[in-house]
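Report on the structure
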Amino acid sequence: GYDQLVLELSTAIWTEGTLEIDVTNFDPSSQYSSDKHQVINMYTSDDGSQGVFESTEAWWNIRTGTNYGTGFKLLAAPDGGESREEVRIIEDASWDPSDIHTFKVTWDTEQIHIYLDDEYLETLNFDGRVEPLQYIFIGKDNVYVGQSGPIYSNLCITYSP
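Definitions and limits used
Residues numbered from 1 in each chain as written. Predicted model: local features only at pLDDT ≥ 70, side-chain atom pairs only at ≥ 80, totals over all residues. Heavy atoms only, no water. Core = buried A, V, L, I, M, F, W, Y, C linked by side-chain atoms within 4.5 Å. Buried < 20%, exposed > 50% of the residue type's maximum accessible area, 1.4 Å probe, protein only. Pairing = 2+ DSSP bridges. Helix = DSSP H or I, 4+ residues; strand = E, 2+ residues; numbered from the N terminus. Axes fitted to C-alpha atoms, helices over the stretch in contact; angles between N-to-C directions. Polar contact = N/O pair within 3.5 Å; in protein donor to acceptor, adjacent residues only side chain to side chain. Contact = heavy atoms within 4.5 Å. Phe/Tyr/Trp six-rings, centres within 6.5 Å; stacked < 30°, edge-to-face > 60°. Lys NZ or Arg CZ within 6 Å of the ring centre and 35° of its normal.

Core analysis: the largest hydrophobic core is formed by 31 residues, its most contacted members being Ile-40, Met-42, Trp-60, Ile-62, Phe-72, Phe-103 and Trp-107. With 8 residues, the next largest nonpolar core counts Tyr-43, Phe-53, Ala-77 and Tyr-135 among its residues.

Have a look at this one:
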């Protein structure tokens, strides 16, 4: 669809990595059309659908939607759906659509961390991975509809293969 960009990294990430992306025109609660929107995601495969929850695929998502107030949720599964961890973050945020926000997610073989505008927010377990990360989904994955409005730019991935 028009609200999805899928990128395949030339090398799969087995150990540690960082994804940073700038977002403008981001005002979640005025842009929702669903209870769940996956906005920034990484997966082992290009599937990006509910099927990964039944697999050993590694993945993480940043999700918005009416379920999460004005904030968002970080979900991470190093080893498929059985290993899933999640946390709701800043559910009472106020956003100015003219601001540029930088989402940063870093991970290694043990943990995954999320930052917003260089401010540390949360850490989840991310150990026990049996498959690497290789696909980036921006705008939405193949599970939920996209959040209408955000403009993504300056995607930067750094990693150790």
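To continue, consider the sheet that holds strand 7 (residues 101-107). An order of 9-8-7-2-11 is seen for the 5 strands of this open sheet, with the pairing classed as antiparallel. Unpaired on one side and paired on the other, strand 9 (119-125) and strand 11 (151-159) mark the two borders of the sheet. Recorded for the sheet is a direction-independent mean angle of 15° between the axes of neighbouring strands. Across 6 bridges, strand 8 (residues 111-116) lies against strand 9 in antiparallel orientation. Pairing of Ile-112 across the sheet is with Leu-124, part of strand 9.

Let us look at the side chain of Gln-38. Within the secondary structure layout, Gln-38 lies in strand 3 (residues 37-43). Accessibility expressed as a relative area gives 0% for Gln-38, which makes it buried. Polar contacts involving the side chain of Gln-38 include one to the side chain of Asn-61, which spans 3.1 Å. Separated by 3.1 Å, the side chains of Gln-38 and Asp-141 make a polar contact. Here Gln-38 is in contact with Tyr-43, Asn-61, Ile-62, Arg-63, Gly-139, Lys-140, Asp-141 and Tyr-144, once residues within four sequence places are set aside.

Among the 8 residues in strand 2 (residues 17-24), 6 count as buried, and that is most of the element. In the sheet, strand 2 pairs with strand 7 via 7 bridges, with the strands oriented antiparallel. Considered in strand 7, the bridge of Gly-17 is made with Trp-107. In the sheet, strand 2 pairs with strand 11 via 7 bridges, with the strands oriented antiparallel.

Turning next to unusual backbone geometry. At Asp-117, a position not held by glycine, the phi torsion is positive, near 55°. Residue classification places Asp-117 among the partly exposed residues on the basis of a relative accessible area of 38%. Positive phi is not limited to glycine here, since Asp-118 has a value of about 65°. By the secondary structure assignment, Asp-118 is in the loop between strand 8 and strand 9. The exposed category is assigned to Asp-118, whose relative accessible area is 66%.

We now examine the packing of aromatic side chains. Scanning the entire structure with this criterion turns up 8 aromatic pairs. Ring geometry for Phe-72 against Phe-103: centres 5.4 Å apart, planes inclined by 70°, an arrangement best described as edge-to-face. A residue pair is termed long-range when its members are at least 10 positions apart, and Phe-72 in strand 5 (residues 72-77) and Phe-103 in strand 7 qualify at 31 residues. Classification of Phe-103 by relative accessible area gives buried; the value is 3%. A connected cluster of aromatic rings, assembled from ring pairs, spans Phe-26, Phe-72, Trp-95 and Phe-103. Taking NZ or CZ as reference, Arg-84 lies 5.7 Å from the ring centre of Phe-53, over its face. Seen from the ring of Tyr-115, Lys-104 lies directly overhead, with NZ or CZ sitting 4.8 Å from the centre.

Remember, this is a structural readout, not a statement about activity or role.
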